[in-house]
Amino acid sequence: MAATAVEYTIGGVKIQFPCKAYPSQLAMMNSIVRGLNHGHHCLLESPTGSGKSLALLCSALAWQQAQYGTPISQCIFNFSYPCFNIFFNVTESMSYGFDCVHVSVDNYRPRSSTLASRLSEKRQASLSANADDDFMPDRKRIRSLVVDQKVLLHSFLPVLIFPSHFLWQSPSSCFLCPCDGVKRGAKAAEKTKDKDKANNGGSCKKAVPKIFFGTRTHKQIAQIAHELKRTFYTSTPMTILSSRDHTCVHPEVIQHTNRNERCKELLEGKNGQTCRYYHNVHKMRDQGTLQWVHGLQQAWDIEELVRLGSRLRCCSYFAARELMQEAHIVFCPYNYLLDPLIRESMEINLKGQVVVLDEAHNIEDCARDSASYTLSQTQLLAARNEIDGMVYHNIRPIHHGPLGAFCCSLLNWIQESCGALSERDYETSCKVWTGAEVLVIFHGLGITADTFSVLQKHLAAVLEKEERVGLVNGQEDMVEVPTLSAPTQTVLKSLFMVLDFLYRNNCRCVFAEDYRVALQQTYVWTTQNDPPDLPDAQGFFARRHRRRQGARTKTLVYTLSFWCLNPAVAFTDLSGSVRTIVLTSGTLSPMGSFSSELGVNFSIQLEASHVISKSQVWVGTLGNGPQGRKLCATFQHAETFAFQDEVGALLVRICQAVARGVLCFLPSYKMLDKLRERWTNTGLWEQIEQRKIIVTEPRGGARSDFDELLQSYYDAIKDPGHRDGALLIAVCRGKVSEGLDFTDDNARAVVTIGIPFPNIKDLQVELKMKYNDQHSKTRGLLSGSHWYEIQAYRALNQALGRCIRHRNDWGALILVDDRFRCNPNKYITGLSKWVRQLVQHHNTFGGAMQSLVTFSENQQGAATARANGSCPPEQTEPTKWLPSPSTLSLLLPSTNPTEKATEDPPQDFTPRPVQQVSGQRVLDPPIPEATTSYKSQSDTQGRHMTCEDSLQCSQRNCVFIMV
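Because the structure is a prediction, the values reported are computed rather than measured. (Residues numbered from 1 in each chain as written. Predicted model: local features only at pLDDT ≥ 70, side-chain atom pairs only at ≥ 80, totals over all residues. Heavy atoms only, no water.)

### Focus on helix α17 (residues 377-392)
Stage number 1. Helix length check: α17, at 16 residues, gives a terminal C-alpha distance of 22 Å against a target of 22 Å (1.5 Å per residue), a fit within 8%.
Stage number 2. Residues of α17 that are buried include every one of L380, A383, R384, I387 and M390, and no others. One side of α17 holds all its buried residues, which, seen down the axis, span an arc of 115°. What points out from α17, more than 90 degrees from its buried face, is the exposed set T378 and Y392.
Stage number 3. Just past α17, the residue N394 takes up positive phi, approximately 60°. (Helix = DSSP H or I, 4+ residues; strand = E, 2+ residues; numbered from the N terminus. Expected span 1.5 Å × (residues − 1). Buried < 20%, exposed > 50% of the residue type's maximum accessible area, 1.4 Å probe, protein only. Arc of directions from axis to C-beta.)

### Observations regarding the packing of α17 against helix α21 (residues 486-502)
Stage number 1. For the pair α17 and α21, interaxial distance at closest approach is 9 Å and the crossing angle is 110°. Taken together, the axis directions place α17 and α21 in an arrangement best described as roughly perpendicular. Considering only the axes of α17 and α21, their crossing is left-handed. Contact residues: Q379, L380, A383, E386 and I387 in α17; T488, V491, L492 and L495 in α21.
Stage number 2. Along the lines of polarity and charge, the residues of the contact of α17 with α21 split into six nonpolar, two polar and one charged. (Axes fitted to C-alpha atoms, helices over the stretch in contact; angles between N-to-C directions. Parallel < 35°, antiparallel > 145°, perpendicular 65-115°, else oblique. Left-handed = near helix turned anticlockwise from the far one by under 90°. Contact = heavy atoms within 4.5 Å. Nonpolar A, V, L, I, M, F, W, Y, C, P; charged D, E, K, R; others polar.)

### A look at the pairing of strand β19 (residues 604-607)
Stage number 1. The side-chain alternation of β19 yields two buried faces, one formed by I604 and L606 and the other by Q605 and E607.
Stage number 2. With four bridges joining them, strand β3 (residues 42-45) and β19 adopt parallel strand pairing. Across the sheet, residue L44 finds its bridge partner in β19, namely L606. (Pairing = 2+ DSSP bridges.)

### Remarks on the packing of aromatic side chains
The relation between two aromatic rings is expressed through the spacing of the ring centres and the mutual angle of the planes.
Stage number 1. Scanning the model with the defined rule gives 16 aromatic pairs in all.
Stage number 2. Ring geometry for Y278 and F318: centres 4.9 Å apart, planes at 75°, overall edge-to-face. Separated by 40 residues along the polypeptide, Y278 in the loop between α10 (259-267) and α11 (287-293) and F318 in helix α13 (residues 316-323) bring together distant segments of the chain.
Stage number 3. Take Y278: its relative accessible area is 36%, and that puts it in the partly exposed class.
Stage number 4. By relative accessible area, which is 14% here, F318 ends up buried.
Stage number 5. Look at W810 and F855: their rings are 5.9 Å apart centre to centre, the planes differ by 75°, and that puts the pair in the edge-to-face class. With W810 in the loop between α31 (784-800) and β25 (811-816) and F855 in helix α35 (residues 845-868), this residue pair connects regions lying 45 residues apart in the sequence.
Stage number 6. On the basis of relative accessibility, which here comes to 10%, the residue F855 falls in the buried class.
Stage number 7. Members of the aromatic cluster, joined through ring pairs, are F406, F452, F496 and Y503.
Stage number 8. Just above the ring of Y523 sits the side chain of K554; from NZ or CZ to the centre is 5.3 Å. (Phe/Tyr/Trp six-rings, centres within 6.5 Å; stacked < 30°, edge-to-face > 60°. Lys NZ or Arg CZ within 6 Å of the ring centre and 35° of its normal.)

### With respect to the side chain of R321
Stage number 1. Assignment of secondary structure puts R321 in helix α13.
Stage number 2. No salt bridge is formed by the buried R321; its nearest oppositely charged neighbour, E347, is found at 4.6 Å.
Stage number 3. Only 3.4 Å separates the side chain of R321 from the side chain of Y317, close enough to count as a polar contact. (Lys, Arg positive; Asp, Glu negative; His and termini not counted. Salt bridge = Lys/Arg side-chain N within 4 Å of Asp/Glu carboxyl O. Polar contact = N/O pair within 3.5 Å; in protein donor to acceptor, adjacent residues only side chain to side chain.)

### Brief notes about the pairing of strand β7 (residues 211-215)
Stage number 1. For β7, a buried count of five out of five residues is recorded, marking the element as mostly surrounded by other parts of the structure.
Stage number 2. Side chains I211, F213 and T215 of β7 all project onto a buried face; the interleaved residues F212 and G214 project onto the opposite face, where all are buried too.
Stage number 3. Pairing of β7 with strand β9 (residues 329-333) involves five bridges; the strand directions are parallel. Of the residues in β9, the one forming a bridge with F212 is V330.
Stage number 4. Bridging between β7 and strand β10 (residues 354-357) involves four bridges; their strand directions are parallel. Along β10, the bridge assignment pairs F213 with V356.

### Overview of the sheet that holds β25
By definition, the strands of a sheet pair up through backbone hydrogen bonds, in either a parallel or an antiparallel sense.
Stage number 1. Read from one edge to the other, the open sheet built from seven strands follows the order β22-β23-β21-β24-β25-β20-β26, with strand pairing classed as parallel. Since the sheet does not close on itself, it has two edges, and those belong to β22 (693-696) and β26 (839-842), each with one partner. Going from strand to strand, the sheet's axes swing by 20° on average, the running direction of each strand aside.
Stage number 2. The sheet contact formed by strand β20 (residues 617-622) and β26 spans four bridges and is parallel. Bridge pairing in β26 places L622 opposite H842.
Stage number 3. Seen against the sheet, helix α26 (residues 641-657) touches β20, β21 (660-666), β23 (725-731), β24 (749-753) and β25 and runs at an angle of roughly 175° to β24.
Stage number 4. In this fold helix α28 (residues 684-691) packs onto β22 and β23, with an angle of close to 115° to the strand it touches most, β22.

### Observations regarding helix α2 (residues 52-68)
Stage number 1. The terminal C-alpha atoms of α2 lie 25 Å apart, and with 17 residues this matches the ideal 24 Å at 1.5 Å per residue to within 8%.
Stage number 2. Once α2 ends, the next one or two residues include G69, with phi positive near 75°.

Printed below as a string of structure tokens:
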């Protein structure tokens, strides 16, 4: 049946939800509204497929709308909007004018939606004929309606009344009408004044926070935008920040290997070339033009913006950045919010804003990487040489000189330290210093807190664009002063970013102990090809001795790494300035590490249950294979042929038992390569291919290649031919395990081989474990071994979450490793809550396969029966839900802001007495403080109810929530 929109009132905020919400969604929206109302940080875990993205968007945008103070039901009579648009036709050969008349709306009545839609279509048709125009705003004003009413009435064509559901978006500005463009210069000046006032701590009115919605990948952003289209808030002014690789539309730049450098060259006008697309940004720079002129009235994704930019010959990259000024919600990868260099380049100001980070299970790693930097000796040498060239040509020598000396000092230190390296592994040597030790070394090089502040000023000076008088073709003209190349700028900015953390707070060394500096010596194999043949002086080609084609040579490489081991370093800039941080994911467990690792007090926490029933998922552990061999995927066992053959035979049996799509996740690419080689030699690979098409996840490669490979997997499931679906073999922490949607037949089973622990021999992992052991007692960090295990569990949980993607989905989760059965207290407790509750240990492989086959056949039969309508649609029909005592206490305002919310009652919880009334279970006695507010789409007004009245609501199939 079709979903009906429902209005919920939570914490005084009216939330328009596109369907009847699950209990987990209600609990999540309640937690978010509480956090936003009180400025508290939230840590929310909701299983994948439980609708957490929808709950995030609706609750956050509803709260933001409430801050504007414009009720939706009254926005059509809102007097804060100064005008409606009246378009008129000057002559048949001229386009419509963009002039505005201020009209009183005292006696205004809404027109029919049919008329409004017809008028909107006429307007779009009239504008499409002149889509390439620049829409110049400075046009003549028409006379007042009172002065010459007859002329106006005879000259206008359509009178456009905007749909009422768009008018509530921005009470602070009338961006919907083109008269906004006339005042663009004044608005720019006002923005500058407002920015100054904000810096001075004063403002003329209450500033409504923007919502910065960050997720891990651009593909996940596209999924979030798709969810936003389903909601009532689909017309909210928005933008998506992305890289040039995803948004550039310039034909020449697209073909370039490094789009960033080529784009900057065109912007700087090098070689006399400019970017014509950049000069057309004004066509897409404001929300009103984007929605009402170009037709993006609903939530859009990157691909739609790129298509529009290509059609208008406008730069989508810079247009998206310009749209951020008026956007209410900004989507971006969350490293854009954590990395200080990206925040600076994108001009992202998070002070007083709301930051929502979805899929935040990797946020600790991302935060550490944002405050870290690694460069090679070759990169530093190239930067030094370029700076010396600037000094040699007398280009800002006062500023370039100190920067060159800084690079020279680092190069000398690296050269001197090469002799002190200690051998670590095969052809690998290293030396590690603490942050405090490096500061002492830098002091000896003349780099102190005082001199570093001077170096920062020199860097800012050399990056400024400046024009001077010079000779061009023998004539004096203004010439732009050359600046450093993009690679050199990146080296200097990144080094200065790290030094800024080290010297922060007047060199009190607050973060010095959080850094480790490592100098590593490794060998890299490079492929060298012979240069092309060139003729000699007489024009002959001499045949010389050729090396073997594609000969590989071993090259010695030195790398200097500044590793931040404390994610709280990068998170300090956020937690100290933003209003609220919301971290959410389906795999945050165990949640206790986030507060200590990120240095943030998450006073509101939630672990939500899944929306599916237990019968829809099969969770089992296997410790033995078909031949009865023990399966333990440790390093020693995984290298043996016996283990590899047993895993291959196991996959053959699973592919025979489960139809359609099967996902298999391995701990590493190294194991994937070994298994593929072994199975190819033994014939197991061919046996699997007889049943299913095999697709393997590539290591690295272009994004387009990966998308094409993934599409081939989907196509094999839709049209398997003589086979029974497809098998996708992937790697934990890879592209497949992060955020991709394998709904329904695309993943009827997920098989995980082993436990994906990080590489214990990795130097950075070893240093992080020692760091945690050192500060576990003083800072409350997890021990090094506990942190190490959590990294494995989160990667495992993320892989398992690819299976169940919505309420009606079903599938099997198969964990292959004997350690789950032998030591469940250690290895099962790290799994997600909804998986942990359903785990069954199978002692024999045959019993497990029999149970799996029965489960698969039952689910396929139930799905067929529902499709034929021969059984009640229990999974598709909305379920009447009354809050359990634990959930009711969750939804009520908490007296303790640090209380952790959960949908399960605490261990010492005693249920209240209940009485049976009209077939429903209600609390007895009712709680007088709790009131219920509900509103279905057919209602015209919302009303407050007591707990007894809520029974009537449930009989009417309305959902209610206690507030």
